[in-house]
Amino acid sequence: MPYESGLISFAAFTCLALAMKKHRSGLEPLVLPSERVLRVLGWCLLALSAAVAVFRLGPALGVTVWIGQMCVAVALLVLLLSWRPKAATALAGVGLICAPFLAFL
Amino acid sequence: MNVRPSFPAPAPPARALRQSMAWIHAWLGLLAGWILFAMFLTGTASYFRPEITQWMQPELRSTSVPAEQAAQAAIAHMQATTPNDQQWFIYLPDDRTAVTRVFARAKPNPEKPPARRPELKLDPATGQSLEARDTRGGEHFYRFHFQLQLPHPWGRWLAGVCAMFMLAAIISGVITHKRIFVDFFTLRWRKGQRSWLDAHNASAVLALPFHAMITYTGLITLVAMYMPWPVKANFDKPDAFTAAAYGAPAEAKATGTPAPLLPVGPMIQAAGRAWSGDAPRTVVIRNPGDTASTVTLLRATGGRLNARPDSITFSGATGQELSRSPSPGPAIATAGVMLGLHLGHFASPALRWVYFLLGLTGAAMVGTGLVLWVVKRRKPNAAPFFGLKLVERLNIGAIACLPSGMAAYLLANRLIPADLPGRAELEVKAMFWTWFGLAVVSLQRPARRAWIETLGLATLAFAALPVVNAATTDRGLVASLRTGDWLFAGFDLAMLAIAALCGLAAFKASRKPQPPSQKTSVRAPAAASPKPAPAKESVDAL
């Protein structure tokens, strides 16, 4: 299933969201890295998700797939973030762990 | 600026630009919104066009056979039934279609023009004619999404005008939206107008690459119709342009001397060698049984972004290759890729669902925009003015009644007897009578009740689909899950998911609206307010 690019971009956008002050509330027991670390991590993961898609499907199809999955991932993230922010954060972690396994499926 | 402006200050250029863009955005979006919503929803359904067609002909089961066998079986059938036709178009089955489709055109007869013959459905393995209920299938949603069920060319023109409005609304919307990055992840529920604005922004911004791509490529697909003058200025006939752009397959007049048509298997294999192993999608045979017969193979486009198929033409009598489509130049390749991006035929099942979800965000963007127009202008403790009532009723008709219409189309497919003459038209009528009929009936109810009840009805209609499918066919959800028929199982599950979505919308609409608090009070549009609103709030007017 070629969804690993979408899972990585879901995690990437979660980092970028949590790097913003207004999205850091409501996650109290969780100790978050600093905003700066999250921002850098988010952009790195976003680049990784693009690289994974391009590596897997070639430049033309890879970029198309990357943009498509990125849009769906961030739309789902925003829906989940507005409803259950903790679940969104947890899902980002789970997705990131699953992504390498999906890549070899 | 070193001169201090005196009060009242004229709006700074940036804000003036934003306000004029907000005005354009609101009115372009409103005028085209109702049609755009229908175009988005039916267009999104069209990503599953072959699957919908398969579901709507449950008598047919897919069998997978090699292209050579399917093509040869179809040719054998045509040679046995109508060997003297001028042309046979053979659409080969693939992993998304169950049957071979054949469209045959008889030789022109100057005395009596031959009647247009219906498309044949053949068993891919044996070439035997298959009987299945008459239906437009997924083709209906696809055609409606750019022809709007209007006579040619008005439907395509109306769809094009709406797409142009949409493109302008996207650009003006991006300019007006000042907090694109600050509010990137923001979605707040149960805050009245604020929430509608958030939902509109989120559905638009987060899938912006898709919205811009789908609108632009949709327009470009029909650009030769909307802007015919460059072609007219440079070519005498449209055919000359087509030949110059895409190449013309070698064609010769029939000689009248009979010659047997060679087997197409070796030609398909030769084409496969030229196309790095790809199979043909369509086989076009001209003048079968003549010494001048030709066999043109069109390449399947699955997996490649460019939707314009390559083609190779062989002589049917000698098997020699006569011509092949020129390798496309940059302009033709770009046009082909744009068409491909719009249609999404290249998409694997995984990516097809991505396309589907992105299409739904498009419908959500248009829908929330339409609702926002009303919510923003509704004043508490004041009777709504006529325009507001009109827009709200049209919103109900377009947003809440169309899903019921689409469900009615699918329900009609199962409920109208399979052998009733003219049933395909009846299915289409069921969709429009339900859609528009429901919109008219909903006028009898107060607006809030109308939203709840029409959405509730859509929930019931979609939830009824798997039930009716199980009752009228032997391919119900339980049976298809047991036999591993993923198309039918997936279709039924998707219908249940859509029913859940409609139900959630009805439930949300039935919640008591929040009394507008001080913070989130409904305000007049900034453009109409006499004094300039504070910078932060002027954005809220969008």
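The structure presented is a predicted model; accordingly, all values stated were derived computationally and were not measured.

A description of the overall build of chain A should follow, citing residues and the corresponding values.
Across its full length, chain A carries 4 helices and 0 strands. For chain A, the succession of helices and strands along the chain, N to C, is α-α-α-α. For a compact globule of 105 residues, the expected C-alpha radius of gyration is about 13 Å, and chain A comes in at 14 Å, within 12% of that figure. Projected onto its principal axes, the C-alpha coordinates of chain A cover approximately 40 × 25 × 20 Å. Taking all 105 residues of chain A together, the buried fraction comes to 45%. When contacts within chain A are restricted to residue pairs at least 6 apart in sequence, those whose partners lie at least 24 apart make up 72%.

Mind laying out the overall build of chain B, listing which residues take part and the relevant values?
Within chain B, the regular secondary structure consists of 20 helices and 7 strands. Projected onto its principal axes, the C-alpha positions of chain B cover 90 × 65 × 45 Å. Counting only residues that meet the buried cut, chain B has 39% of its 542 residues in that class. For chain B, contacts bridging at least 24 residues in sequence account for 71% of all contacts bridging at least 6.

Give a detailed account of the domain arrangement of chain B, specifying residues and quantitative values.
Residues and elements named next belong to chain B. According to the domain assignment, chain B contains domain 1 (13–58 + 139–222 + 343–527) and domain 2 (61–134 + 248–325). A C-alpha centroid distance of 39 Å is found between domain 1 and domain 2. Each side of the interface is counted separately: domain 1 has 10 residues, and domain 2 has 12 residues. Those elements giving two or more residues to the side of domain 1 that touches domain 2 turn out to be helix H2 (49–55) and helix H16 (423–441). Residue composition of the side of domain 1 that touches domain 2, grouped by class: 5 nonpolar, 3 polar and 2 charged.

How would you explain the packing of helix H1 (residues 13–45) of chain B against helix H4 (residues 138–147) of chain B if you had to name every residue and give the values?
Residues and elements named next belong to chain B. Their axes nearest at 8 Å, the elements H1 and H4 cross at an angle of 150°. Between H1 and H4, the crossing angle belongs to the class labelled roughly antiparallel. Crossing geometry of H1 relative to H4 is assigned as left-handed. For the pair H1 and H4, the contacting residues are Met39, Thr42, Gly43 and Ala45 in the first and Phe141, Phe144 and His145 in the second. Its residues placed into classes, the contact of H1 with H4 shows 4 nonpolar, 3 polar and no charged.

Give me the UniProt feature "transmembrane region" (unreviewed entry) in chain A: which residues, what numbers.
All names here are of chain A. According to UniProt, the "transmembrane region" (unreviewed entry) feature falls on residues 37–55, 60–81 and 87–104. Taken as a whole, residues 37–55 contains 100% helix and 0% strand, while its terminal C-alpha atoms sit 26 Å from one another. For residues 60–81, the helix share is 100%, the strand share is 0%, and the end-to-end C-alpha distance is 31 Å.

I'd love a proper account of unusual backbone geometry, names of residues and values included.
Residue and element names in this part refer to chain B. In this structure, Pro153 follows His152 across a cis peptide bond, with omega equal to 0°. Even without a glycine there, the phi angle at Leu148 is positive, about 55°. Among the secondary structure elements, Leu148 is positioned in the loop between H4 and helix H5 (154–176).

Describe in detail the environment of Ala169(B), supporting the description with residues and values.
All names here are of chain B. Inspection of the secondary structure assignment puts Ala169 in helix H5. Among the residues examined, Ala169 registers 28 C-beta atoms within 10 Å and is labelled buried. Along the chain, Ala169 and His25 lie 144 residues apart, while their C-alpha atoms are 4.9 Å from each other. Apart from residues lying up to four places away in sequence, Ala169 is in contact with His25, Leu28 and Gly29.

Can you lay out the sheet that holds strand E6 (residues 311–315) of chain B for me, pointing to particular residues and giving the numbers?
Residues and elements named next belong to chain B. Taken in spatial order, the 7 strands make up an open sheet running E3-E2-E1-E4-E5-E6-E7, and their pairing is antiparallel. Whereas interior strands pair on both sides, the edge strands pair on one side only; in this sheet they are strand E3 (120–122) and strand E7 (321–324). Looking at each pair of strands side by side, their axes are set apart by 20° on average, direction ignored. Where strand E5 (residues 294–299) and E6 come together, 5 bridges link them in antiparallel fashion. If you follow Thr296 over to E6, its bridge partner there is Thr313. With respect to the sheet, helix H3 (residues 67–81) is in contact with strand E1 (87–91), strand E2 (100–105), E3 and strand E4 (280–286), its orientation differing from that of E2 by roughly 40°. Across the face of the sheet, helix H11 (residues 265–274) comes into contact with E4, E5, E6 and E7 while running at roughly 40° to E5.

About the cut-offs
Residues numbered from 1 in each chain as written. Chains lettered and ligands numbered in written order. Predicted model: local features only at pLDDT ≥ 70, side-chain atom pairs only at ≥ 80, totals over all residues. Helix = DSSP H or I, 4+ residues; strand = E, 2+ residues; numbered from the N terminus. Rg over C-alpha atoms; globule rule 2.2 N^0.38 Å. Buried ≥ 20, exposed ≤ 12 C-beta atoms within 10 Å, placed from the backbone. Contact = placed C-beta atoms within 7 Å. Domains from an automatic or database assignment. Nonpolar A, V, L, I, M, F, W, Y, C, P; charged D, E, K, R; others polar. Axes fitted to C-alpha atoms, helices over the stretch in contact; angles between N-to-C directions. Parallel < 35°, antiparallel > 145°, perpendicular 65-115°, else oblique. Left-handed = near helix turned anticlockwise from the far one by under 90°. UniProt positions renumbered as here; feature names shortened; annotations may be inferred. Pairing = 2+ DSSP bridges.

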